[in-house]
Amino acid sequence: MNHYYQQASFLQSATTRKTMPAESGLEIAFAGRSNAGKSSVINRVCSQKSLARTSKTPGRTQLINFFQLQDANFLVDLPGYGYAKVPEAVKLEWQKFIESYLTQRNTLRGMVLVMDIRHPMTDYDQAMLRWANNRQLPVHVLLNKSDKLTRGAGMNVLLQVRKMLADGGIASVQTFSALKKQGLDECWSVLDKWLGKDTIVHESSAEA
């Protein structure tokens, strides 16, 4: 269990830049295609069951949700993309909102990009990587749902994605399973580094 992230609590939602909280600490954004399991990842990282709301109809939320940590840092849940059955005009508004946050939020230190390991590096994922690369924002890719593949197949996908990411940008990648609690220690280590918490000692993820 990670006591630092376990203390995350919902602060507010935003629909425009004006409704975001004031920039005061450091922020890490979580992004991903709507059916990649992003909410489940956030809940697992924070050792909470319902911090980020999961839905049987992915992609409905149009909000950026801010979860505050104990020292004024934030974890930020971006709207899921590429799946919701909404009008194209609405999708474009979501896209502009997300892009505005990623390119103009000065306190943003990194982005966790959640992908379904069975369907990685979609066009939407690559667009997010380009936005991050344009502002030199570190990205850590979580290949979620690794429990759906054999270990060998999962390693093959990991190597393929790592090779694709090596062609440009400052992104790292790992396999992850929110369901089976796999990959938590590696993920926590990345978050700690971005937030300047490298000295934190966490309990084993096997007990999370």
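Residues numbered from 1 in each chain as written. Predicted model: local features only at pLDDT ≥ 70, side-chain atom pairs only at ≥ 80, totals over all residues. Heavy atoms only, no water.

J.: Explain the pairing of strand β4 (residues 74–77) here, please?
T.: Strand residues, when the strand is regular, have side chains that alternate between the two faces of the sheet. Burial of the side chains of β4 extends over both faces: F74 and V76 are buried on one face and L75 and D77 on the other. Sheet topology places strand β2 (residues 27–32) next to β4; 4 bridges connect them, and they run parallel. When the sheet's bridge partners are listed, E27 is paired in β4 with F74. Pairing between strand β3 (residues 64–68) and β4: 4 bridges, direction antiparallel. Residue pairing in the sheet places F67 in a bridge with L75 of β4. Hairpin connection from β3 to β4: 5 residues lie between these consecutive antiparallel strands, with A72 at a positive phi of about 75 degrees. (Buried < 20%, exposed > 50% of the residue type's maximum accessible area, 1.4 Å probe, protein only. Helix = DSSP H or I, 4+ residues; strand = E, 2+ residues; numbered from the N terminus. Pairing = 2+ DSSP bridges.)

J.: Would you explain the nonpolar core in this entry?
T.: The tendency in soluble globular proteins is for nonpolar side chains to be buried as a group. With 33 residues, the main nonpolar core has L78, Y101, L102, M111, L113, M128 and L143 as its most contacted residues. Not counting chain neighbours up to four residues away, the residues in contact with M128 comprise A31, L78, Y81, I98, L102, M111 and L113. If you look at the next biggest cluster of nonpolar residues, it comprises 27 residues, including Y4, A36, L51 and C187. (Core = buried A, V, L, I, M, F, W, Y, C linked by side-chain atoms within 4.5 Å. Contact = heavy atoms within 4.5 Å.)

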